[in-house]
Structure formats: structure tokens, C-alpha cells
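# Architecture and fold: a report
In case you want the letters, here they are:
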Amino acid sequence: MTTTFSFFGVTTGSSAIRRIFPRWMSELGIDSELVGLDFPVGAPPADYRAAVARIKADPLAVGGLITTHKLNVLAAARDLFDGLDDAATLLKETSCLHKDGERLLGAALDDRTSLLGLDAAVGADYWDDERELVVLGAGGASIALTLGLHRAAQAGRAIPARVAVTARSEARLDEMRELHERIGFAAPVEYLVAESPVAADRVVAAATPGAVIVNATGMGKDRPGSPVSARAPYPRESVLWDMNYRGELHFLADARERARPDLRIVDGWDYFVYSWTKVVAVVYGIDIPASGALFDRLSELARTA
Ligand SMILES: NC(=O)c1ccc[n+]([C@@H]2O[C@H](COP(=O)([O-])OP(=O)(O)OC[C@H]3O[C@@H](n4cnc5c(N)ncnc54)[C@H](OP(=O)(O)O)[C@@H]3O)[C@@H](O)[C@H]2O)c1
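Not measured: the values here are computed from a predicted model.

### Focus on the overall build of the protein chain
Counting secondary structure elements, the protein chain contains 11 helices and 12 strands. On C-alpha atoms alone, the protein chain measures out to a radius of gyration of 19 Å, which is about the 19 Å that the 2.2 N^0.38 rule sets for 305 residues. Its C-alpha atoms put the protein chain at 55 × 40 × 40 Å along the principal axes. Counting every position in the protein chain, which comprises 305 residues, the buried fraction comes to 53%. Partitioning the intrachain contacts of the protein chain with sequence separation of at least 6 by distance along the chain shows that 75% fall at a separation of at least 24. Here the protein chain displays about 13,100 Å² of accessible surface, and carbon together with sulfur accounts for 51% of that area. The average position of the 33 basic charges and that of the 41 acidic charges among the side chains of the protein chain differ by 2 Å.

In C-alpha cells:
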């Protein structure tokens, strides 16, 4: 019997995964199909709850992946879950639904997958005692990235010398600060309200040469525009990483137009492939290491889909 894998998003029909997923299933020898579930940003809690309840009750529904709605889904349906992993509890979000028999489990995997995405952009050994990380936006993906860096530091890896995080309002910054205090995050962090591109430009201008500047606002995909101005004063040799690979991607397009050879410009494709392969591995109970022949094959199938 064909099982179903649910994909919670905003415009799931436009995601490359619709073409990629069937190829991956065939490569992995799994009889399962992707079901897209579109919700507007901030949909009514009852809608998220109903979707989770349906998955829990359906023996052919094996779980799924949640993008934009990961905080809201967990908030709306917490009591339907029979277990959560550490990161889901810490981050109060679930990006992965999976099952153990009839038990519905929730996992948050972005701490690991976003770090893999960052490593793919600059290399795990990029950080020294000067290079900084600027994260524009303080949503789930930004918080998860800092949790990933925290775990990397605990494992003895170098992490950015300093982190600056921006948001348009204090609330998300407070939440992030609270998490960082709770886990004892090793890097010094500045939490900065930047309500406009001009304000974000000032944050970017203050970073050290070689800083990695991440667009984690969703601007350029979920919302129009870019968090910084078209002439943002990037420090020399900055690396600009957009967490998204699709949409207008103004943040990257503006930087490309500048034709500054010292800037490195990276989109969210690798992050996308890491996110999906990790969730597929957990849902179907298989091992897909983040490097090696199987990962390369899946990545190539994704690229050509
Ligand atoms: N490649 C992948 O596989 C992958 C995986 C995960 C996430 N992503 C992408 O990464 C993006 C972020 O994900 P998320 O889950 O963190 O989304 P999110 O929870 O919506 O977070 C975006 C955050 O950015 C803030 N923001 C919006 N405009 C801003 C601006 N101009 N300046 C500063 N902050 C701003 C928002 O807060 P305020 O509105 O309060 O400012 C919000 O907290 C999304 O577009 C998502 O698609 C990609």
C-alpha cells in the first residue's frame, strides 16, 4: 500500500520537492507519495490541529515535513504528540512529524540542517577569532542555527567570534536571548532591532571582514524585498547566504548586480537538500549521512528534477 508523506507549507505546489520526492522514493525503493498541505501564514490553530489529527489517525500517513508553520503547528496540536525530541522542546517547534507504531512524534531538525547549510556555504573550519555572523531575522530558522552553533561549540568546533541578530521588533529577540541564556550559548550575541533596510545596513556595516551575513527573514520568498538596501555596505570578503533558494531572492540579486568580486553569494539550495533528506531519513527510519554516495545521488536527483 502506498503511504503518504505530508508537506505543510504556504505554496507547496511551487516547491521543487514536488518533482524531487517521487525520484527519491524510487531511488530509495519506498512506495510513498507527497501530499502538499497549504496554509496561509498564521492560519487558524484549528486548521493545523485537524491536519495533525488526520495524520495521527491514518495508518498510511507516515509523517511529514513542516516549513513556515512549525511553531504554530506545535502550539496548536501539542497534546496530539506522544513525544518530542530535545530540540523540539527547546525551540517549541516541530519541523518533522514521524511515527513509532501508532505513536506520533515531533522533531525539530533545523539546528542540525541549518548548520550543515552554513558549513556547505563556508566550510566547517571557516571560523576564527575575528569572523562574525550576522543573522537578519530572528525566526525559527535563526534560533535553530544558533542552537546548531552552540552544539558545534560543545563538540569542540570553532564558531563565529560574535553573532549579531536583527528583528523588526523586540519579542523574537527576547525569546532568542532567553534561549541563549538557558543553554549558555558560547558566542557573544548582539540582539538588535532593525526596523528598516537602513537600520539593517548599519548592522551589516559594523561586521568584520569575512563576516557571513544571512538573510533569514523570508524576504525575497515569503515576503517581497530584501532586509538590507540595494547598496548595503558589506564588509570586504563578506559571504551572503540566503536561506531560500526560490523566489525573487532580492538580497542575493542586489548583491550580484554590484559585481563586487570579493563577495561570495550563496543561496539556500544545499540547506533545502539537507532539510529534506534529514526529514525523509527520520520519517522512513533510514540512514542518509550528510555526505557520501547516497547523499550525492539524492542531491544530484534533486538538482536534475
Ligand atoms: N532552504 C531551506 O530548506 C530552509 C529551511 C528553513 C527555513 N528556510 C527559510 O528561511 C526563512 C526563515 O525561516 P523561519 O522559519 O525562521 O521563518 P520565520 O519564523 O517567518 O522568521 C522570519 C523572521 O524574520 C523577521 N523579519 C521579517 N522581516 C524582517 C526584516 N526586514 N528585518 C529583520 N527581521 C525581519 C520576522 O519577524 P518580525 O516580523 O517580527 O520582524 C521573523 O521573526 C524562511 O523564508 C524559510 O523559507 C529555508
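### A short note on the pairing of strand S2 (residues 32-38)
Working note: regular strand, side chains alternate between the two faces of the sheet. Where strand S1 (residues 3-9) lies against S2, 7 bridges are found, and the strand directions are parallel. Directly across from threonine 3, in S2, lies its bridge partner serine 32.

### Overview of the domain arrangement of the protein chain
Parsing the protein chain into structural domains produces domain 1 (3-108 + 270-304) and domain 2 (112-267). Computed over C-alpha atoms, the centres of domain 1 and domain 2 are 25 Å apart. Of the roughly 1,800 Å² buried between domain 1 and domain 2 on both sides combined, carbon and sulfur atoms contribute 62%. Broken down residue by residue, the surface that domain 1 buries against domain 2 is led by Leu90, Leu91 and Tyr271, which jointly contribute 37%. Joining domain 1 to domain 2, the criterion identifies 1 salt bridge. A salt bridge links arginine 112 to aspartate 85; the shortest N-O distance between them is 3.6 Å. Linking domain 1 with domain 2 are 2 residue pairs in polar contact (both at pLDDT 80 or more).

### Observations concerning the sheet that holds strand S3 (residues 61-66)
Read from one edge of the open sheet, 6 strands run S2-S1-S3-S5-S6-S4, paired in mixed fashion. Only two strands of the sheet have a single neighbouring strand rather than two, namely S2 and strand S4 (83-84). Of the strands in this sheet, S1, S2, S3, strand S5 (96-100) and strand S6 (103-107) are in contact with helix H2 (residues 45-57), which crosses S1 at around 165°. Packing of helix H10 (residues 269-284) onto the sheet brings it into contact with S1, S2, S3 and S5, and relative to S3 it is tilted by some 155°.

### Comments concerning the packing of aromatic side chains
Throughout the structure, instances matching the rule amount to 14 aromatic pairs. Centroid distance tyrosine 234 to phenylalanine 251: 6.5 Å. Interplanar angle 85°. Geometry classified as edge-to-face. A residue pair is termed long-range when its members are at least 10 positions apart, and tyrosine 234 in the loop between strand S10 (212-215) and strand S11 (239-242) and phenylalanine 251 in helix H9 (residues 250-258) qualify at 17 residues. No difference in accessibility class separates tyrosine 234 from phenylalanine 251, as the two residues are buried. Aromatic side chains tryptophan 241 and tyrosine 271 sit 5.8 Å apart centroid to centroid with 50° between the ring planes, which places their arrangement in the tilted category. Linking tryptophan 241 in strand S11 with tyrosine 271 in helix H10, this pair joins segments that are 30 residues apart in sequence. One aromatic cluster is present, built from ring pairs that chain together Phe5, Phe7, Phe21, Tyr245, Trp269, Phe272, Trp276 and Tyr284. The aromatic ring of tyrosine 126 is capped on one face by arginine 131, whose charged end is 4.0 Å from the ring centroid.

### Let's talk about the packing of helix H5 (residues 110-122) against H10
Between two packed helices, both the angle of their axes relative to each other and the distance between the axes serve to describe the pair. Contact pair H5 / H10: the axes reach a minimum separation of 8 Å and the direction vectors enclose 145°. At the point where H5 passes H10, the crossing takes the right-handed sense. Between H5 and H10, the residues in contact are Asp110, Thr113, Ser114, Leu116, Gly117 and Ala120 and Asp270, Tyr271, Tyr274, Ser275 and Lys278, respectively.

### Considerations on the sheet that holds strand S9 (residues 189-193)
Strand pairing within a sheet occurs via backbone hydrogen bonds; the two strands may be parallel or antiparallel. Read from one edge of the open sheet, 6 strands run S9-S8-S7-S10-S11-S12, paired in parallel fashion. Each of the sheet's edge strands pairs with one partner strand only, and the pair in question is S9 and strand S12 (264-266). In this sheet, neighbouring strand axes are inclined to one another by 15° on average, regardless of whether the strands run parallel or antiparallel. Against the sheet, H9 engages strand S7 (132-136), S10, S11 and S12, with an angle of about 150° to S11.

### Here we look at the packing of helix H6 (residues 140-154) against helix H7 (residues 170-183)
Put simply, H6 and H7 touch, their axes get as near as 11 Å, and they point 15° apart. The angle between H6 and H7 falls in the class roughly parallel. H7 is crossed by H6, and the crossing has right-handed handedness. Between H6, through Gly140, Ser142, Ile143, Thr146, Leu147 and His150, and H7, the contact on the second element is made entirely by Arg172, Met176, Leu179, His180 and Ile183. In the contact of H6 with H7, the residues fall into 5 nonpolar, 5 polar and 1 charged.

Rules behind the numbers
- Residues numbered from 1 in each chain as written.
- Predicted model: local features only at pLDDT ≥ 70, side-chain atom pairs only at ≥ 80, totals over all residues.
- Heavy atoms only, no water.
- Helix = DSSP H or I, 4+ residues; strand = E, 2+ residues; numbered from the N terminus.
- Rg over C-alpha atoms; globule rule 2.2 N^0.38 Å.
- Buried < 20%, exposed > 50% of the residue type's maximum accessible area, 1.4 Å probe, protein only.
- Contact = heavy atoms within 4.5 Å.
- Areas by Shrake-Rupley, 256 points an atom, 1.4 Å probe, with all protein chains shown as cover.
- Lys, Arg positive; Asp, Glu negative; His and termini not counted.
- Charge placed at Lys NZ, Arg CZ, Asp CG, Glu CD.
- Pairing = 2+ DSSP bridges.
- Domains from an automatic or database assignment.
- Buried area = accessible area lost by both parts, 1.4 Å probe.
- Salt bridge = Lys/Arg side-chain N within 4 Å of Asp/Glu carboxyl O.
- Polar contact = N/O pair within 3.5 Å; in protein donor to acceptor, adjacent residues only side chain to side chain.
- Axes fitted to C-alpha atoms, helices over the stretch in contact; angles between N-to-C directions.
- Phe/Tyr/Trp six-rings, centres within 6.5 Å; stacked < 30°, edge-to-face > 60°.
- Lys NZ or Arg CZ within 6 Å of the ring centre and 35° of its normal.
- Left-handed = near helix turned anticlockwise from the far one by under 90°.
- Parallel < 35°, antiparallel > 145°, perpendicular 65-115°, else oblique.
- Nonpolar A, V, L, I, M, F, W, Y, C, P; charged D, E, K, R; others polar.

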